[in-house]
Amino acid sequence: MDNNAATTSELYHKTPEIFTAGLKKKILLVPAAILGHSSSEEHNQVPSTEGSFEISLQKLPHPRTGELSLWAFHLAGGKVYELCQLDEKLRSWFVGNYVLEDGTIKCLVPSDPLFLVLPYLLDAKKRKRFQPLNQILEGADTKSDDTAAGFGTLLAPNVYLKDLDLICSVKGFKDEKFYKLSRAKLTVWLKAKVKLLSEALEREHVNVSTKITAAGYSRKEDTQTKDQYERFAFGMISDQLPLSLQEEMAIALGLGEVKTHSNAANGTEAKKVKGAPVSAAEDYSKALKVLAAVPEKKLTAAQKQLAKVDKTGMKSISSYFTKPADGK
Amino acid sequence: MPASTVGFEAKMDHASLLKKVIEAIKDLLGDCTWDCTNTGMSLQSMDSSHVALVNVMMKSEGFARYKCERNLNMGISLASMAKVLKCAGQEDNVIIKTDGDSSTVTFVFGNDDGDRTAEFELKLMNIDVEHLGIPETDYDCIIKMPSGEFKRLCGDLSQFGDSVAISCTKGEVRFEAQGDIGTGHIRLSKKGSADKPDEEISIELEQPVSLTFALKYLNNFAKATPLSATVRLCMSNNHPLCVEYPMPEVGHIRYYLAPKIEEEAD
């Protein structure tokens, strides 16, 4: 992703007293966009109010796994970033004249706040009603100490979730709105995201093919198809999608065969990504593997034909019939 | 658990019937599980895209001999089962047997004279099954027509478009497909014929229905045409279509397909 990371190490040699204070320091790479003009530094643990920017780190369940993870909210820009960390034992940072032993790379990866509410919208949709947002999030554990602040931040009116109408049908008046997830809108929204991302990948000549090449080395004839870029982009985006949606959306976006392709490609497809943050690339390969793991059956010609059928507007048949849990 | 005895044995006079059943579903489903109980053999499975569901029921009365001592599941690759059934002669009968503990199922084909038997063993598979409960639905509209007619109209319309809009009003049903080259309309009206019930077209209508479906799926469903002279299309608005091919005295094949819905409408 377009992560204009700005290292903030220069500041440290001007302020060596930080280290003498015995605090545990960490280095965080942040996109230039949230820094404003001057670069400044950020402590990992404390929501800081330093310089011209203010971000707050909150714990929220990750939309794909449901596990608690850290998200950075940037109020001024109305943006949400996922805090990613890449551990490597044998690495340390040089900071001015000092060595910082903890060599992990932490960076903020831009995300869309709508992903964060997606799992709850999916749950709420089962109730087949238009509902106000706080009711939709009822299924979430908003009361628990860990996440209460996070949801509080997320729900701040007209900041992070102002684009909710992009994926929901909305009813109601100015200050009282009721939402219901619309699969058609969701598909369009994701399609746009995949398109933008795949165009960006293409522009940056990111290697998305199965071949492993040295960074910076590209042969003319190794042209990668639009399709490959789209699949790769979808892999990246589905990193933020609930598992139950990944397959469905892959089919809806006409990328249904991601599975069979990535089978052969397996993890290598994402391993060597030129210019992209390494931690991120590792994640994408995981997402691709998740897709690959679902069906490993060989499809007959007729089944492949059916897989290609345009299924926009078709819901999963299981949504019409009762699942075994509540059925017989 | 009881010691291994013959857990399941069923004899069919015509292997060709079983062959037709498998041919009708094998392109839609990959691997699936036959549930054998003492009322019969049944199967329920979704296609790989999870927009269609197939339900096959073969009642024990439909078999020449049927014995099922305890309920068991046979996970089978339909492609392999089709291969085995290709080995059956036109007039052969078939015995399907497995004991509950073994990991194989045996198909024995024999002719009436009893001078030739052929035995094939297939490996069973462990398949995760997720059974969906299909409620008894009162459909808004039930159309009964000759199965050949349904096959023909699906084939004809798929030359024009990928999906067909079915709209049913009193006394007649319209099938419409649109595509790059043009449009196709097919209209069927009620037709009764006392002496040839198989050619009858009947429409039971509670309220008008109009739904859109993917034609490729309907074409696939039409592969069950050899099994039955008639087909029943059951529809309700915003509900899956049920295409039922009754097999007289044996059971039925039912296909369910999710409709295409313009979501903004709701």
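What counts, and where the lines are drawn
- Going along each chain's sequence as written, the residues are numbered from 1 onward.
- Each chain takes a letter, starting from A, and each ligand takes a number, starting from 1, following the order in which they are written.
- Local features in a predicted model are, by the rule used here, given only for residues with pLDDT of at least 70; side-chain atom pairs are given and counted only at 80 or more, and totals for whole chains, interfaces and linings are based on all residues.
- Computation of side-chain values: all heavy atoms of the structure, hydrogens and water removed.
- By the criteria applied, helices consist of DSSP H or I runs no shorter than four residues and strands consist of E runs no shorter than two, each listed in order from the N terminus.
- Any two residues having at least one pair of non-hydrogen atoms within 4.5 Å are treated as being in contact.
- To measure how exposed things are, a 1.4 Å probe is used in the Shrake-Rupley method; for residues, cover is taken only from the protein chains shown.
- Patch membership requires more than 30% relative accessible area and the absence of a salt bridge. Residues of like charge join within 9 Å; the nonpolar side chains Val, Leu, Ile, Met, Phe, Trp and Tyr join within 5 Å.
- Here, a salt bridge means any Lys or Arg side-chain nitrogen found within 4 Å of an Asp or Glu carboxyl oxygen.
- Positive residues here are Lys and Arg, negative ones are Asp and Glu, while His and the chain termini are left out of the count.
- Throughout, a charge is located at the NZ atom of Lys, the CZ atom of Arg, the CG atom of Asp or the CD atom of Glu.
- Categorising residues by exposure relies on relative accessible area from a 1.4 Å probe, with only protein chains included: less than 20% of the type maximum marks a residue as buried, more than 50% marks it as exposed, and the intermediate range marks it as partly exposed.
- Strand pairing is assigned whenever DSSP identifies at least 2 bridges connecting the two strands.
- The angle between two axes is taken between their N-to-C directions and runs from 0 to 180 degrees, where each axis is a line fitted to C-alpha atoms and a helix contributes only its stretch in contact.
- The buried area of a pairing is the accessible area, by a 1.4 Å probe, that goes missing from both parts when the two are put together, added over both.
- Whenever a nitrogen or oxygen atom comes within 3.5 Å of another N or O atom, the pair is scored as a polar contact, on the condition that within protein one atom can donate a hydrogen and the other can accept it, and that pairs from neighbouring residues in sequence are kept only if both atoms are in side chains.
- Put simply, Ala, Val, Leu, Ile, Met, Phe, Trp, Tyr, Cys and Pro go in the nonpolar bin, Asp, Glu, Lys and Arg in the charged bin, and everything else, Gly too, in the polar bin.
- Only Phe, Tyr and Trp rings are paired, with Trp represented by its six-membered ring, and only when their centres lie within 6.5 Å; those with planes under 30 degrees apart are stacked, over 60 edge-to-face, the remainder tilted.
- Among buried residues, those of type Ala, Val, Leu, Ile, Met, Phe, Trp, Tyr and Cys that are joined through side-chain atoms within 4.5 Å constitute a nonpolar core.
- Segmentation of the chain into domains, including their bounds, is taken from an automatic or database domain assignment.
- By construction, the arc corresponds to the directions joining the helix axis to the C-beta atoms.
- Each residue gets a pLDDT score, which is the predictor's confidence in that residue and runs from 0 to 100.

K.L.:
Lay out the overall build of chain A in plain terms, naming residues and giving numbers.
P.N.:
A tally of helices and strands in chain A yields 12 helices and 11 strands. Taking contacts inside chain A between residues at least 6 apart in sequence as the whole, the part at least 24 apart equals 60%. Carbon and sulfur atoms make up 53% of the accessible area of chain A, which totals about 17,400 Å².

K.L.:
So what about a negative patch on the surface? Which residues, and what values?
P.N.:
On the surface, Asp-13, Glu-91, Asp-112, Asp-113 and Asp-115 of chain B cluster together to form a negatively charged patch. Looking at the secondary structure, you find Asp-13 of chain B in the loop between strand E1 (8-12) and helix H1 (15-25).

K.L.:
Which residues make up the pairing of strand E4 (residues 52-59) of chain B, and what are the values?
P.N.:
Residues and elements named next belong to chain B. Among the eight residues of E4, seven are classified as buried, and the element is accordingly described as predominantly covered. Hairpin remark: strand E3 (residues 40-46) followed by E4, antiparallel, with five residues in the connecting loop; positive phi at His-50, about 60°. Sheet analysis places E4 next to strand E18 (residues 251-257), joined by seven bridges and oriented antiparallel. Across the sheet, Met-58 pairs through a bridge with Gly-251, a residue of E18.

K.L.:
Which residues make up unusual backbone geometry, and what values go with them?
P.N.:
Residue and element names in this part refer to chain B. One non-glycine residue with positive phi stands out, namely His-50, at about 60°. By the secondary structure assignment, His-50 is in the loop between E3 and E4. The exposure class assigned to His-50 is partly exposed, which follows from its relative accessible area of 33%. Even without being a glycine, Glu-249 presents a positive backbone phi close to 70°.

K.L.:
Give me the lowdown on the sheet that holds strand E17 (residues 241-247) of chain B, citing residues and values where you can.
P.N.:
Residues and elements named next belong to chain B. On the basis of which strands lie adjacent, the open sheet formed by nine strands has the order E6-E2-E3-E4-E18-E17-E16-E10-E14 and antiparallel pairing. A strand with exactly one partner marks an edge of an open sheet, and here the two such strands are strand E6 (72-77) and strand E14 (202-205). Taken pair by pair, the neighbouring strands of this sheet meet at an average axis angle of 15°, ignoring direction. Where E17 meets E18, seven bridges bridge the pair, whose relative direction is antiparallel.

K.L.:
Lay out the interface of chain A and chain B with the relevant residues and their values.
P.N.:
Accessible area lost upon the coming together of the parts is a frequently used measure of interface size. The partner chain B presents 36 residues to the 33 residues of chain A that form the contact. Summing both partners gives a buried area of about 2,800 Å² for chain A against chain B, and 62% of it is carried by carbon and sulfur. Our count for the contact surface shared by chain A and chain B stands at zero salt bridges. At the junction of chain A with chain B, the criterion picks out six residue pairs in polar contact (both at pLDDT 80 or more). The greatest single-element share of the side of chain A that touches chain B, amounting to five residues, is contributed by helix H12 (residues 301-308) of chain A. For the side of chain A that touches chain B, a count of residues per class yields 13 nonpolar, 10 polar and 10 charged.

K.L.:
Lay out the packing of aromatic side chains in plain terms, naming residues and giving numbers.
P.N.:
Residue and element names in this part refer to chain B. Using the criterion set out here, one finds seven aromatic pairs over all chains in the structure. Consider the rings of Phe-221 and Tyr-255, whose centres lie 4.5 Å apart with planes at 15°: the pair is stacked. One end of the pair, Phe-221, is in helix H4 (residues 215-221); the other, Tyr-255, is in strand E18, and 34 residues separate them in sequence. Accessibility assignment for this pair places Phe-221 and Tyr-255 in one class, buried. One aromatic cluster is present, built from ring pairs that chain together Phe-8, Phe-63 and Tyr-66.

K.L.:
Could you give me a rundown of the sheet that holds strand E7 (residues 93-98) of chain B, with the residues and numbers involved?
P.N.:
Residues and elements named next belong to chain B. Here we have five strands laid out as an open sheet, ordered E5-E1-E7-E8-E9, and antiparallel in their pairing. Each having just a single partner strand, strand E5 (65-68) and strand E9 (117-123) make up the two edges of the open sheet. Here the strands of the sheet are splayed against their neighbours by 15° on average, with no regard to which way each runs. Sheet topology places E1 next to E7; five bridges connect them, and they run antiparallel. If you follow Ala-10 over to E7, its bridge partner there is Ile-96. The strands touched by H1 within the sheet are E1, E7 and strand E8 (104-110), with E7 carrying the most contacts at an inclination of about 70°.

K.L.:
Break down the nonpolar core for me, citing the residues and quoting the values.
P.N.:
Core analysis: the largest hydrophobic core is formed by 82 residues, its most contacted members being Trp-34, Met-58, Phe-175, Ile-253 and Tyr-255 of chain B. Top contributing element to this core by residue count: H1 of chain B, with six residues. There are two domains that each give this core at least three residues, and those are domain 1 (8-123) and domain 2 (141-257) of chain B. The next biggest cluster of nonpolar side chains, apart from the first, holds 47 residues, and it includes Val-80, Leu-116, Tyr-120 and Val-159 of chain A.

K.L.:
Report on H12 of chain A, specifying residues and quantitative values.
P.N.:
Those residues of H12 of chain A that fall on the buried side of the exposure criterion are Ala-302, Gln-303 and Leu-306 of chain A. For H12 of chain A, the angular spread of the buried residues around the axis is 100°, confining them to a single face. Residues of H12 of chain A that are exposed and angled more than 90 degrees away from the buried face: Ala-301 and Lys-308 of chain A. In this fold, the buried residues of H12 of chain A make contact with H4 of chain B.

K.L.:
An account of the confidence of the model for chain B is requested, with residue identities and associated values reported.
P.N.:
Summing up the model confidence of chain B, the mean pLDDT is 88 and the portion of residues at 70 or higher is 96%. The ipTM value of the predicted complex is 0.73, and its pTM value is 0.52.

K.L.:
How would you summarise the pattern of salt bridges if you had to cite specific residues and measurements?
P.N.:
Residue and element names in this part refer to chain B. Scanning the entire structure with this criterion turns up 13 salt bridges over all chains. The partner of Lys-223 in a salt bridge is Asp-27, with the nearest N and O atoms 2.7 Å apart. Taken together, the positions of Lys-223 in the loop between H4 and strand E16 (230-235) and Asp-27 in the loop between H1 and strand E2 (31-37) put the pair 196 residues apart, joining distant regions of the chain. Taking relative accessible area as the criterion, Lys-223 reaches 33% and is therefore assigned partly exposed. Its salt-bridge partner being Arg-254, residue Glu-244 comes within 3.1 Å of it at the nearest N-O pair.

K.L.:
Give a description of the side chain of Asp-27 of chain B that names residues and reports values.
P.N.:
Residue Asp-27 of chain B is classed as buried on the basis of its relative accessible area, which comes to 13%. A polar side-chain atom of Asp-27 of chain B sits 2.7 Å from a polar atom in the side chain of Lys-223 of chain B. Leave out the neighbours within four places in its chain, and Asp-27 of chain B touches Thr-300, Ala-302, Gln-303 and Leu-306 of chain A together with Asn-220 and Lys-223 of chain B.

K.L.:
If you had to explain the confidence of the model for chain A to someone new, which residues and values would you point to?
P.N.:
Residues and elements named next belong to chain A. Residue-level pLDDT values for chain A average 68, and 63% of them are 70 or greater. Ranking the elements of chain A by mean pLDDT puts helix H10 (residues 268-271) last, at 38, and helix H6 (residues 183-203) first, at 86. Taken as a whole, residues 1-22 scores under 50 in pLDDT and shows 37 contacts with residues more than four places along the chain or in a different chain. Throughout residues 258-296 the model reports pLDDT below 50, and contacts reaching past four residues in sequence, or to other chains, amount to 62 contacts.

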